[in-house]
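Below are the chains, spelled out letter by letter.
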Amino acid sequence: MAAEQDLRSGSFPAALRAAIAARGLGLERLRERLRQRGVSVSMATLSYWQSGRSRPERRESLLALRHLEEVLEVPEGALAALLGPARPRGHWRYVSSGLPAIGALWPDPASVEDALDGIDTSWDERLTRISQHDRVWVGPEGGALSCLSRQVLRAEADGPDRWVVIMHTDEPGYPVPLVRPVRNCALGRVGEDRDAGLVVAELLFDRPLARGETLITEHELVNIPPGPVDGNYERKFRLPVREFVLEVTFDPAHPPGFCEQYTRDDRDIEDSRPATLDAGCSVHGVALNFGPGCYGFRWGWPA
């Protein structure tokens, strides 16, 4: 009876919790029932839906919800009717906030927006970038082999549950890098545009953050050989970061002929200076209170 009342007048999370309780199914069994129907939904997603931390909005999620209604034996559309209007997200949300669009610092902003279709960027502005540390390894041919990134983030509101990674190569057509979660995150949705040299991915936190809570995450980007020989690495900051550390390590048997560190602001004004390799065939740079803009190193060998 309580489940029926929640379906008629309750919120989506309350109705979902009541329907799950009425069927006597745990989240793991519920996920397995959906998997048998060819529908993949993580336990974390189901938990977020019933707690109200997130809700199904994309086409794939709404399709999963239709199957979920059947598994839970509730009337067709009963849960979906409680969702209400979709939350604003993506390009238009950023424009209305007065901040640069999420693809503004990239060579082709439209391709970034297209690649982000289906990726949840709604929490991006609610996460303060306290610290970012990138370690890049460059192979003998001059292209980046991999990059290990460590972020320290702080939630400025209740609910942030993911970090979105955007990676672009200057030589499109190669396989896009693999995104590997390393610490305190799991891989969510991934979007690729090989022709544009773009990959975007959600890194899902173990749980939604409370306001003021901090989190350390690590992930790795690995190029699939033969990867592109970009001759540079840069980090783009649409939102400011308190501290950014960038390390680039070269093959000791193939040190570059030149290397320089550069920054480029949101007006596309660039500043650069020579960088000297240390005894470990590495360079590093530190930026404080940086952004919006790009910070990177470029390198090369005599022709």
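Quick note: structure is the one above.
(A) A look at the pattern of salt bridges. The final tally for this structure, using the stated rule, is 18 salt bridges. Across the pair Arg298 and Glu260 runs a salt bridge whose closest N-O atoms are separated by 2.6 Å. Highlighted residues: Arg298 in strand S13 (residues 293–300) and Glu260 in strand S10 (residues 258–265), separated in sequence by 38 residues. Here Arg298 falls in the partly exposed class, since its relative accessible area comes to 22%.

(B) Highlighting the nonpolar core. Ranked by internal contacts, the top residues of the largest apolar core, which has 21 residues, are Leu16, Leu30, Leu46, Leu68, Leu72 and Leu79. Contributions of two or more residues to this core are made by helix H2 (12–23), helix H3 (27–36), helix H4 (43–51) and helix H5 (59–71). Element by element, the count of residues in this core is highest for H2, at 5 residues. Ranked by size, the runner-up nonpolar core spans 19 residues in total, among them Val138, Phe250, Ala287 and Trp299.

(C) Quick look at the sheet that holds strand S8 (residues 232–237). Here we have 4 strands laid out as an open sheet, ordered S8-S13-S10-S11, and antiparallel in their pairing. Every other strand in the sheet has two partners, leaving S8 and strand S11 (270–274) as the edge strands with one partner each. Ignoring strand direction, the axes of neighbouring strands in this sheet form an average angle of 15°. Where S10 meets S11, 5 bridges bridge the pair, whose relative direction is antiparallel. Across the sheet, Arg264 pairs through a bridge with Glu270, a residue of S11.

(D) The sheet that holds strand S6 (residues 198–204), seen in detail. Strand order in the open sheet made by the 3 strands is S3-S6-S5, with antiparallel pairing throughout. The sheet is open, and its two borders are formed by strand S3 (162–168) and strand S5 (186–193), each paired with just one other strand. Adjacent strand axes in the sheet meet at a mean angle of 15° when their direction is disregarded. The pairing of S3 with S6 spans 7 bridges and is classified as antiparallel. Bridge pairing in S6 links Ile166 to Val200.

(E) Highlighting the packing of aromatic side chains. On inspection of all chains with the given rule, the structure shows 5 aromatic pairs. On the basis of an interplanar angle of 90° and a centroid distance of 5.5 Å, the ring pair of Phe244 and Tyr295 is categorised as edge-to-face. Remark: Tyr295 occurs in strand S13 and Phe244 occurs in strand S9 (residues 241–249); sequence separation between them is 51 residues. As far as the burial class goes, Phe244 and Tyr295 line up, both buried. Taking 5.3 Å as the distance between ring centres and 80° as the angle between the ring planes, the aromatic pair formed by Phe250 and Trp299 counts as edge-to-face. On the criterion of sequence distance, the pair formed by Phe250 in the loop between S9 and S10 and Trp299 in strand S13 is long-range, its members being 49 residues apart. Owing to a relative accessible area of 3%, Phe250 belongs among the buried residues under this scheme. Looking at Trp299, the relative accessible area reads 5%, which means it is buried.

Parameters at a glance
- Residues numbered from 1 in each chain as written.
- Predicted model: local features only at pLDDT ≥ 70, side-chain atom pairs only at ≥ 80, totals over all residues.
- Heavy atoms only, no water.
- Salt bridge = Lys/Arg side-chain N within 4 Å of Asp/Glu carboxyl O.
- Helix = DSSP H or I, 4+ residues; strand = E, 2+ residues; numbered from the N terminus.
- Buried < 20%, exposed > 50% of the residue type's maximum accessible area, 1.4 Å probe, protein only.
- Core = buried A, V, L, I, M, F, W, Y, C linked by side-chain atoms within 4.5 Å.
- Pairing = 2+ DSSP bridges.
- Axes fitted to C-alpha atoms, helices over the stretch in contact; angles between N-to-C directions.
- Phe/Tyr/Trp six-rings, centres within 6.5 Å; stacked < 30°, edge-to-face > 60°.

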